[in-house]
Amino acid sequence: LLVARAMGKLQSKISFHTTKYRADGSVGQAGPAGAPQQHSPAHTDAVTSVAALRPDLCVSGGRDKSVAVSSWRSGAALRRFIGHEREVTKVTSALDSNRVFSASRDKTVMMWELHGTSGPSQHFPGHDLVVTGLAVSPDASQLCTGSRDNTVCKWDTETGECLGRAAISRNLVTHLCWVPGEPYVIQTSEDKTTRVWDSRELQVAHTFPAKQHIQTCCDVSQDGRYCLSSSSGCAGHGAEATLWDLRQTRGRVCEYKGHFQTTTSCVFLPRGPALAPSIATSSSDSTVKVWDQDTAGRG
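On a predicted model such as this, the values are computed, not experimentally measured, just so you know.

Reading guide: rules and limits
Residues numbered from 1 in each chain as written. Predicted model: local features only at pLDDT ≥ 70, side-chain atom pairs only at ≥ 80, totals over all residues. Heavy atoms only, no water. Helix = DSSP H or I, 4+ residues; strand = E, 2+ residues; numbered from the N terminus. Buried < 20%, exposed > 50% of the residue type's maximum accessible area, 1.4 Å probe, protein only. Contact = heavy atoms within 4.5 Å. Areas by Shrake-Rupley, 256 points an atom, 1.4 Å probe, with all protein chains shown as cover. Salt bridge = Lys/Arg side-chain N within 4 Å of Asp/Glu carboxyl O. Pairing = 2+ DSSP bridges. Axes fitted to C-alpha atoms, helices over the stretch in contact; angles between N-to-C directions. Phe/Tyr/Trp six-rings, centres within 6.5 Å; stacked < 30°, edge-to-face > 60°. UniProt positions renumbered as here; feature names shortened; annotations may be inferred. pLDDT = per-residue confidence, 0-100. Polar contact = N/O pair within 3.5 Å; in protein donor to acceptor, adjacent residues only side chain to side chain.

## Things to note about the overall build of the chain
Check the secondary structure of the chain and you find 1 helix and 27 strands. Looking at the 299 residues of the chain, the share that counts as buried comes to 51%. Long-range pairs, those at least 24 residues apart, make up 42% of the contacts in the chain with a sequence separation of at least 6. With the model as given, the accessible surface of the chain reaches about 13600 Å², and the carbon-plus-sulfur share is 50%.

## Digging into the pattern of salt bridges
Per the stated rule, a full pass over the model turns up 13 salt bridges. Among the salt bridges present, the one from Arg 165 reaches Asp 128, with a minimum N-O distance of 3.7 Å. Here Asp 128 lies in the loop between strand S10 (122-124) and strand S11 (131-136) and Arg 165 lies in strand S14 (residues 162-167), a separation of 37 residues in the sequence. Overall, the relative accessible area of 49% leaves Asp 128 in the partly exposed class. Two residues, Arg 200 and Asp 198, come together in a salt bridge whose shortest N-O distance is 2.8 Å.

## Things to note about the sheet that holds strand S15 (residues 173-178)
In space, the 4 strands of this open sheet follow the order S15-S16-S17-S18, with antiparallel pairing throughout. Of all strands in the sheet, those with a lone pairing partner are S15 and strand S18 (203-207), marking the two edges. Across the sheet, the axes of successive neighbouring strands diverge by a mean angle of 30 degrees, strand direction being ignored. Bridging between S15 and strand S16 (residues 184-189) involves 5 bridges; their strand directions are antiparallel. Within the sheet, the bridge partner assigned to Trp 178 lies in S16 and is Val 185.

## Digging into the sheet that holds strand S12 (residues 142-147)
Hydrogen bonds between backbone groups are what pair the strands of a sheet, and the pairing can be parallel or antiparallel. Pairing is antiparallel across the open sheet formed by 4 strands, whose spatial order is S11-S12-S13-S14. Whereas interior strands pair on both sides, the edge strands pair on one side only; in this sheet they are S11 and S14. Across the sheet, the mean angle from the axis of one strand to that of its neighbour is 15 degrees, orientation sign disregarded. Of the pairings in the sheet, the one linking strand S13 (residues 151-156) to S14 comprises 5 bridges and is antiparallel in character.

## Quick look at the packing of aromatic side chains
Summed over the entire model, instances satisfying the criterion amount to 4 aromatic pairs. Geometrically, the ring pair formed by Phe 81 and Trp 112 is stacked, given 5.3 Å between the ring centres and 25 degrees between the ring planes. With Phe 81 in strand S6 (residues 77-82) and Trp 112 in strand S9 (residues 109-113), this pair connects stretches of sequence that are 31 residues apart. Residue class for Trp 112 comes out buried when judged on its relative accessible area of 0%.

## A word on the UniProt feature "repeat: WD" (unreviewed entry) in the chain
The UniProt entry lists residues 81-114, 124-165, 173-207 and 256-292 under the feature "repeat: WD" (unreviewed entry), expressed in the numbering used here. Spanning residues 173-207, this segment combines 0% helix with 63% strand, and its end C-alpha atoms are found 14 Å apart. As a span, residues 256-292 carries 0% helix and 49% strand, and end to end its C-alpha atoms are 9 Å apart.

## Structural notes on the confidence of the model for the chain
The pLDDT averaged across the chain works out to 88; a share of 87% of its residues lies at or above 70. Here residues 1-31 scores under 50 on pLDDT; set against residues more than four positions off or in separate chains, the count is 68 contacts.

## Brief notes about the side chain of Thr 188
Looking at the secondary structure, you find Thr 188 in strand S16. Every residue in contact with Thr 188, bar those within four places of it in the chain, is listed here: Leu 172, Val 173, Thr 174, His 175, Thr 193, Thr 194, Gln 215, Thr 216, Cys 217, Cys 218 and Ser 229.

## A word on the environment of Thr 132
The topology assignment puts Thr 132 in strand S11. Classification of Thr 132 by relative accessible area gives buried; the value is 13%. A sequence separation of 43 residues divides Thr 132 from Thr 89, and the C-alpha atoms of the two residues are 6.3 Å apart. Filtering out sequence-adjacent residues up to four positions away, Thr 132 remains in contact with Lys 90, Gly 146, Ser 147, Arg 148, Val 173, Thr 174 and His 175. A polar atom in the side chain of Thr 132 sits 2.4 Å from the backbone oxygen of Val 173.

## A few points about the environment of Val 59
Checked against the element boundaries, Val 59 lands in strand S4 (residues 57-62). You can call Val 59 buried: its relative accessible area is 0%. Sequence-wise, Val 59 and Ser 93 are 34 residues apart; in three dimensions their C-alpha atoms are separated by 8.2 Å. Other than its neighbours up to four places away in sequence, Val 59 contacts Ser 49, Val 50, Ala 51, Val 67, Ala 68, Val 69, Val 91 and Val 100.

The following block contains the structure:
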């Protein structure tokens, strides 16, 4: 799975350096003679999640139960963290932070220090099923987690204390993301809804109208004005991404339709000085699509 800004960073590279990304899915860096330079895999099994850590670093989690920090530029895996008992489902970090967070099928979340030991610096147990949502506050002081056990939890990252726990029937969490500069967290669910949580009291502040299909992922624009959600689907039915207004109408703004199977991830792409606002979506139909945010036209 591709997650949030990390996917945006990757898609930006695809857009401007298409010769480096081949149809077989391998990635190389052109050497002096134009031949691609291969890098050792960061994981020994499937990669399940990736997120931006710093402008030159990303963090990834895999079915091999490990968390890896890699360099965007060199492709080298710089750190590897071991501690989970089952596969890692989600990874995240506060940008420019030294802290990395990972969720797992072992029902726990762990915090790792970029310059610390290979073991976790904090442990967050408490969910009854696999942890499927993970979002950290911009200052990395608080963490929100979600699970297939229908709960969302808030944690103090320094002490590991659970500061709140909220349960909603049939709310099987699929993804979480924190709104920049705000106390709000966006959450998608298998109950086909996208919720806005107020992290201060851990209460639902708003629920967008339910879609026709499971909502698989979400992302928030850097200015905090909009959020995206993506839908499951099959044979051209569903599989759309939806743009929602967070500040004014709190309603649907636009839909992005074109995938033929489940849209697994959606992300706002970084803004460039001469670039129109864009989003990217990835799908089980083996494609990544880039869209004009305002018109839903594909680039």
